[in-house]
Amino acid sequence: MRKRDHNVLTNAASLLICGLLAGVVVAAAAFPAVAMSGLAAKAGAETFDSLPKVLKEARSPQITYLLASDGKTPLASMYDENRKDVKLKDVSPWMQKAIIAAEDHNFYKHNGVDLNGIARAFVNNSSGANSRQGASTLTMQYVRLAISYSATHPADVVAATEDTSARKLREMSLALQVDKQFSKDEILERYLNIAAFGNGAYGIYAASQVYFGKPPSKLDIQESALLAGLVKGPTMYDPTTKSGYRDAVERRDYVIKNMVIIGAITQEQADEAKKIKLKVNERRTPNGCVAANKQSWGFFCDYFYRWWLQQETFGSTTYDRERRLKSGGYTITTTLDVQAQNGADTAVRKNLSVNDKAARMIAVVEPGTGRVRALATNRNFKLDNPNNPQNKLSSDPKKAQKKIRGSRPNTVNPLISGGGGITGYQAGSTFKIFTLVAALEKGYPLAYTINAPIQFKSEYIIDPGNSAACQGHFYCPKNSSDSMAGVHNMWSAFGLSVNTYFVALQQQVGAENVVKAAEKLGITFRAPNDAKFAADKKAAHQWGAFTLGVSQTTPLELANAYATLAADGKYCEPIPVQEIRDPDGDKLDIANPHCEQRISKEVARAAVDAARCPVGDNSSTSRCGSRTAGEVRGIVNAPVAGKSGTTDSHRTSALVAMTKQYAVAGIMADPDWPQTNQKMGHKELNGINPAVQQTLAAAMKNKPRINFTPPSGKIVYGDQRSIPGVKCESIDTARSRLRGAGFEPVVSSSKVPSECPAGTAAGTSPDGKTIKGGMVTIEVSSGQGSTPTTGTSPAPGTQPPSTGNGRGPRPRG
């Protein structure tokens with residue numbers, strides 16, 4: 001008989017019989033205890049035509065997989081239900097036959113409702129037999145599950161699974177329609193993907209992975225029989241438990257016997273399959289960031305998770321977005337660079353225990369894309385067990401007195417990326433880069449000179465009781481060493497981290513403009529007091545210590561700020577994903593970098609040129625003096641730029657080091673007690689410098705060495721003006737002439753041999769030309785000996801002063 005004729009006859013019979021026997025046969029078959037009750041009569045009163053004919057289908061929850069940037073290395077998996085849909089062609093033929101043998105022998109013969117099965121169940125259940133038979137076909141079971149997953153209200157889920165004849169009739173009606181709509185193979189595929197197999201495994205793909213650690217295409221006869229037997233009672237037949245193992249084997253063997261009955265296998269194959277000792281895994285599929293592929297990768301995973309919850313693309317509320325993540329079946333290629341991440345993980349833990357109060361926190365960002373390549377710290381990404389805590393008491397004495405535990409060695413706090421109450425840490429002199437950027441944007445060139453004193457009396461007003469106050473209420477910062485005083489340009493001042501140069505420069509530029517430059521480069525001011533200053537232009541104008549890094553930030557923000565400069569001023573939002581594909585394989589645009597030009601190329605290149613000085617590098621234009629972290633260039637073995645930073649009493653230490661491909665920022669601090677009494681080191685083996693340097697070196701392994709583009713034009717030397725000759729003139733006259741020509745005269749404190757009368761001007765340094773508004777030193781004659789050498793000074797306005805030790809003291813501020 002042709003399939004169409006068979007369908008017509010069977011459908012007609014189905015409608016007739018179902019209509020006549022709905023209240024008695026169906027109820028008796030499914031619910032014998034109530035066969036003669038009012039429920040049966042109620043069911044019989046329902047007309048078959050009034051039942052639903054269209055099944056509303058919703059995609060069942062799917063597991064989401066996170067991969068590293070190579071698209072292969074597993075990072076983590078996230079799910080509400082561990083399920084991944086597969087095509088029937090990717091399911092072992094044994095599994096296909098086993099599920100039919102276990103649940104529905106006549107699957108390929110009936111049209112969604114097995115009338116013979118209904119009658120057989122009715123007779124059996126009415127006879128008082130000990131075993132009860134059901135009449136649900138695979139198609140009806142699929143309908144029941146599909147209704148549950150498409151439900152939008154809890155009451156709909158209850159209605160889909162309640163023990164009533166009305167539910168049974170509804171399933172029968174819909175099953176007949178589903179059988180018309182889909183082929184048998186399509187129904188079988190849908191059922192195998194939606195069924196529950198226990199131990200958190202939903203669908204055949206998850207089940208084959210959870211129990212046997214293999215794809216469903218590789219399942220053999222006995223494995224297929226075991227899985228097919230589980231759908232009847234995943235808990236009762238759980239093979240991973242002592243109590244369920246024997247029942248699971250018996251159920252497996254029962255299914256194997258039925259496979260012989262339906263002709264799927266021979267008796268010989270069945271006997272061989274039963275002889276195989278059942279061996280199953282006893283481990284559920286990892287779920288969430290605390291179960292990441294590597295524990296240390298949990299911090300990056302958590303950053304991704306928090307990023308996802310902020311994306312409105314995935315829902316209007318964080319609840320909706322989380323459900324999408326854990327049930328959407330996405331394959332997400334993250335930005336985690338395995339080489340960089342492993343390098344960072346090793347570096348932060350080297351010579352520093354996870355139990356140490358100090359946390360070395362490192363972020364790696366790719367310039368030009370904002371892709372976050374690594375996040376690492378010397379902590380375990382793990383929830384501390386309150387019943388058996390490993391964490392030490394907080395290093396904050398007040399919290400320790402209350403027996404509050406800190407975040408070492410275990411924490412899930414976003415120490416590196418911020419959020420969840422983490423506002424950041426002071427990064428010290430790394431913030432001088434924002435003053436430099438603001439000054440360059442205002443037209444000050446790199447060669448701009450300032451006579452930086454030992455202590456600078458600024459116009460900023462502070463509390464008279466502050467240790468940095470002088471002459472009442474003026475902010476008067478000092479350098480970390482008196483030897484740093486003298487005439488500096490941006491190169492030498494940045495390289496040596498001269499506080500009194502940068503506070504003076506910030507005052508000229510306007511602190512509010514420096515704050516604005518920081519915001520353009522991605523600093524967000526999470527701490528309430530910082531946010532208050534940043535939001536109020538008048539308050540920001542008086543933020544004298546801002547250039548010394550008193551505002552809080554995170555390693556991730558700091559790395560991205562410097563990455564913007566390495567990318568010639570193109571700011572990109574930090575992003576943890578580079579590709580997101582939905583279950584159908586379609587790519588989502590949200591993974592694309594979001595970038596914009598925040599500052600000009602010329603300003604960015606000039607800022608990088610100055611930033612090469614602290615870390616031991618030079619360009620064709622840079623004029624560096626002493627350096628605070630000069631060893632970086634040699635360790636990384638590539639063109640580098642960056643800056644170190646330290647706060648008062650060494651409560652934090654920081655270092656940024658970058659190439660054209662990676663920007664690495666590290667901050668060392670006590671996350672539990674910002675006012676720590678522990679000194680955070682720089683160049684010590686357990687300091688921040690080695691960790692940052694080794695991370696960058698590891699990331700750059702086998703990568704091309706790309707040079708930064710040096711700046712050119714007026715931004716380097718500014719508007720050059722001729723310096724008037726003042727030789728043998730009085731100091732007052734020389735000062736007046738230089739000031740009249742647009743320069744800032746400074747009288748040297750020492751005298752030089754000269755043919756000019758003692759106490760008069762012997763000459764200037766530099767001579768010839770220098771930048772408009774630049775500093776010109778008047779050399780004072782001793783009245784003895786020959787004329788000082790002139791005309792051999794270095795490029796105007798570029799020669800930094802000597803600082804004595806060739807290395808320079810560590811900056812503070």
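The rules behind the values
- Residues numbered from 1 in each chain as written.
- Predicted model: local features only at pLDDT ≥ 70, side-chain atom pairs only at ≥ 80, totals over all residues.
- Heavy atoms only, no water.
- Helix = DSSP H or I, 4+ residues; strand = E, 2+ residues; numbered from the N terminus.
- Buried < 20%, exposed > 50% of the residue type's maximum accessible area, 1.4 Å probe, protein only.
- Contact = heavy atoms within 4.5 Å.
- Areas by Shrake-Rupley, 256 points an atom, 1.4 Å probe, with all protein chains shown as cover.
- Disulfide = S-S within 2.5 Å.
- Pairing = 2+ DSSP bridges.
- Axes fitted to C-alpha atoms, helices over the stretch in contact; angles between N-to-C directions.
- Polar contact = N/O pair within 3.5 Å; in protein donor to acceptor, adjacent residues only side chain to side chain.
- Salt bridge = Lys/Arg side-chain N within 4 Å of Asp/Glu carboxyl O.
- Phe/Tyr/Trp six-rings, centres within 6.5 Å; stacked < 30°, edge-to-face > 60°.
- Lys NZ or Arg CZ within 6 Å of the ring centre and 35° of its normal.
- Parallel < 35°, antiparallel > 145°, perpendicular 65-115°, else oblique.
- Nonpolar A, V, L, I, M, F, W, Y, C, P; charged D, E, K, R; others polar.

Caption draft 1: Examining the overall build of the chain more closely. When helices and strands are tallied, the chain shows 28 helices and 26 strands. Out of the 813 residues in the chain, the part that is buried amounts to 54%. For the chain, contacts bridging at least 24 residues in sequence account for 72% of all contacts bridging at least 6. Total accessible area on the chain is roughly 34300 Å²; 50% of this is exposed by carbon and sulfur atoms.

Caption draft 2: Molecular detail of the state of the cysteines. Counting across every chain of the model gives five disulfides. Disulfide pairing places C572 opposite C595 at an S-S distance of 2.1 Å. The disulfide joining C572 to C595 has a torsion of about 110° about its S-S bond and is therefore right-handed. Of this pair, C572 sits in strand β16 (residues 570-572) while C595 sits in strand β18 (residues 595-597), and the two are 23 residues apart along the sequence.

Caption draft 3: Broad picture of the sheet that holds strand β23 (residues 744-752). In spatial order, the strands read β23-β26-β24; together these three strands make up an open sheet with mixed pairing. Bordering the open sheet on either side are β23 and β24 (761-765), each of which pairs with just one other strand. Strand-to-strand twist across the sheet, computed as the mean angle between neighbouring axes with direction ignored, equals 30°. For β24 and strand β26 (residues 775-781), the ladder comprises four bridges, and the chain directions are antiparallel. Bridge assignment links G763 to a residue of β26, and that residue is E779. Its contacts with the sheet put helix α28 (residues 731-740) on β23, β24 and β26, and the angle it makes with β26 is roughly 160°.

Caption draft 4: Inspection of helix α10 (residues 221-230) at higher detail. Counting buried positions along α10 yields ten of ten residues, so the element is predominantly enclosed. Residues of α10 that are buried include every one of I221, Q222, E223, S224, A225, L226, L227, A228, G229 and L230, and no others. Where α10 is buried, its residues meet α3 (93-103), β3 (196-198), α9 (203-212), α11 (242-261) and α12 (267-275). Two or three places before Q222, at the start of α10, stands the capping residue D220, its side-chain oxygen 3.3 Å from that residue's backbone nitrogen.

Caption draft 5: Region of interest: the pattern of salt bridges. For the structure on display, the rule yields 28 salt bridges. Taking the shortest distance from any N to any O, the salt bridge between R306 and D302 comes out at 2.7 Å. Residue R306 and its partner D302 are located together in helix α13 (residues 298-309), separated by four residues, close to a single helical turn. D302 sits in the buried class, given a relative accessible area of 8%.

Caption draft 6: Spotlight on unusual backbone geometry. In this chain, R408 is followed by P409 through a cis amide linkage whose omega measures 5°. Residue placement: P409 occurs in the loop between α16 (397-401) and β9 (410-411). S765 connects to P766 through a cis peptide bond whose omega is 0°. In this structure, N637 takes a positive phi of about 60° despite not being glycine. Relative to the helices and strands, N637 resides in the loop between α25 (632-636) and β19 (641-646).

Caption draft 7: Structural view of the packing of aromatic side chains. Counted according to the given criterion, the structure contains 17 aromatic pairs. Ring geometry for F107 versus Y108: centroids 5.0 Å apart, planes at 80°, classification edge-to-face. Judged by its relative accessible area of 0%, F107 is buried. For Y108, a relative accessible area of 45% corresponds to the partly exposed category. Aromatic ring contacts, followed pair by pair, group F431, F434, F525, F533, W543 and F546 into a single cluster. Just above the ring of F107 sits the side chain of K184; from NZ or CZ to the centre is 4.7 Å. Over the face of the ring belonging to Y319 we find R323, whose NZ or CZ atom lies 5.0 Å from the ring centre.

Caption draft 8: How the structure looks around the sheet that holds strand β21 (residues 663-669). The strand order β7-β6-β21-β20-β19 describes an open sheet built from five strands, whose pairing is antiparallel. Of all strands in the sheet, those bounded by a partner on one side alone are β7 (372-377) and β19. Pairwise comparison of adjacent strand axes, ignoring direction, gives a mean angle of 5° for this sheet. Where strand β6 (residues 359-365) and β7 come together, five bridges link them in antiparallel fashion. Residue pairing across strands places M361 opposite T377, the latter belonging to β7. Where helix α15 (residues 338-349) meets the sheet, its contacts fall on β6 and β7, and the angle it forms with β7 comes to roughly 20°.

Caption draft 9: Examining the packing of helix α5 (residues 138-150) against helix α7 (residues 165-181) more closely. Look at α5 against α7: their axes get within 8 Å of each other, and the N-to-C directions meet at 105°. Judged by the inter-axis angle, α5 sits roughly perpendicular to α7. Note on element contacts: α7 touches α5 through R167, K168, R170, E171, M172, L174, A175, V178 and D179, opposite T139, M140, Y142, V143, R144 and I147. Class assignment of the residues belonging to the contact of α5 with α7 gives a composition of eight nonpolar, one polar and six charged.

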